[in-house]
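Structural description and commentary
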Amino acid sequence: MKIAVASDHRGVRVKEQILAQLAQLGHETLDYGPEGNDSVDYPDFAKAVAKDVSKGVIERGILICGTGLGMCVAANKFPGVRAVNCHDDFTAEMSRRHNNANVMCLSADLLGDRLLNRIVESWMAAEFEGGRHARRLEKIAEIEAECCHETSDE
Ligand code: RB5
């Protein structure tokens, strides 16, 4: 799977760790930065990844900042992006099975290395279940279309 990983300055070390894990799992990885530890603005990196997920250039993305929260808010502004903030392997798995999440946002400050490993493994392994969950996601897509339409009419 083609998957991009990006962070802000707080998540650079975790980004490197996740890129290595994904490569080990056999995925095609893309590093969307940043390169160093200088302070950056997380929306710039969320935008780069979420835009490419939205356009279908990449299948999935993982975003890391201090809490994972700002990245998640920013990524969900893009059509078709279903970004989630995961704290453990259960939320990671369920976000795939029920929400078909295509972007996962993680906290660099709160999660230990072993837990991060388990979260990434679970998220990459779990499949979307479809059925009633697909119907619910269609409703979310309708809300998105309605909001975009209302905004563009103004
Ligand atoms: C940066 O200080 C911090 O705000 C950022 O990493 C993230 O936690 C935002 O949600």
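Check the entry above for the structure.
Residues numbered from 1 in each chain as written. Predicted model: local features only at pLDDT ≥ 70, side-chain atom pairs only at ≥ 80, totals over all residues. Heavy atoms only, no water.

Looking now at the nonpolar core. Counting residues in hydrophobic clusters, the biggest one holds 21 residues, and the most contacted among them are Ile18, Ile62, Met104 and Leu106. Taken together, the elements giving at least two residues each to this core come down to strand 1 (2-7), helix 1 (12-24), strand 3 (60-65), strand 5 (103-107) and helix 5 (113-125). With five residues, the top contributor of residues to this core is helix 5. Counting residues in hydrophobic clusters, the runner-up holds 19 residues, among them Met71, Val81, Val103 and Cys105. (Core = buried A, V, L, I, M, F, W, Y, C linked by side-chain atoms within 4.5 Å. Buried < 20%, exposed > 50% of the residue type's maximum accessible area, 1.4 Å probe, protein only. Helix = DSSP H or I, 4+ residues; strand = E, 2+ residues; numbered from the N terminus.)

Once that is clear, we can look at the site of the ligand. In the vicinity of the ligand, the residues found are Asp8, Arg10, Tyr42, Cys65, Gly66, Thr67 and Gly70. In this structure, Asp8 approaches the ligand through a side-chain N or O atom, which is 2.5 Å from an oxygen atom. A distance of 2.9 Å separates an oxygen atom of the ligand from a polar backbone atom of Gly70. Contact with the protein chains hides 69% of the accessible area of the ligand, taken as 290 Å² for the molecule alone. For the shell around the ligand, the per-class residue count stands at two nonpolar, three polar and two charged. (Near = heavy atom within 4 Å. Polar contact = N/O pair within 3.5 Å; in protein donor to acceptor, adjacent residues only side chain to side chain. Areas by Shrake-Rupley, 256 points an atom, 1.4 Å probe, with all protein chains shown as cover. Nonpolar A, V, L, I, M, F, W, Y, C, P; charged D, E, K, R; others polar.)

Applying the stated criterion to the full structure yields zero aromatic pairs. Directly above the aromatic system of Trp123 lies the positively charged group of Arg60, at a separation of 4.8 Å from the ring centroid. (Phe/Tyr/Trp six-rings, centres within 6.5 Å; stacked < 30°, edge-to-face > 60°. Lys NZ or Arg CZ within 6 Å of the ring centre and 35° of its normal.)

Let us look at the pairing of strand 2 (residues 28-31). Of the strand pairs in this sheet, strand 1 and strand 2 are connected by four bridges, and their pairing is parallel. Within strand 2, the residue paired with Ile3 across the bridge is Thr29. One crossover worth recording links strand 1 to the parallel strand 2 by way of helix 1, and it is right-handed. (Pairing = 2+ DSSP bridges. Right-handed = clockwise from strand over helix to strand, strands pointing away.)

Next up on the list: the pattern of salt bridges. Per the stated rule, a full pass over the model turns up eight salt bridges. For Asp89, the salt bridge goes to Arg118, with nearest N and O atoms at 3.4 Å. Placement of Asp89 in helix 4 (residues 89-97) and of Arg118 in helix 5 is noted, with a sequence separation of 29 residues between them. Take Asp89: its relative accessible area is 28%, and that puts it in the partly exposed class. With its nearest N and O atoms 2.5 Å apart, the salt bridge here joins Arg97 to Glu129. Linking Arg97 in helix 4 with Glu129 in the loop between helix 5 and helix 6 (132-153), this pair joins segments that are 32 residues apart in sequence. Using a relative accessible area of 28% as the deciding quantity, one classes Arg97 as partly exposed. Taking relative accessible area as the criterion, Glu129 reaches 39% and is therefore assigned partly exposed. (Salt bridge = Lys/Arg side-chain N within 4 Å of Asp/Glu carboxyl O.)

With that settled, consider unusual backbone geometry. In this structure, the amide linkage connecting Gly33 to the following residue, Pro34, adopts the cis form with an omega of 5°. Mapped onto the elements of the fold, Pro34 is located in the loop between strand 2 and helix 2 (42-55). Unusually for a residue other than glycine, Asn100 sits at a positive phi of about 45°. Within the secondary structure, Asn100 sits in the loop between helix 4 and strand 5.

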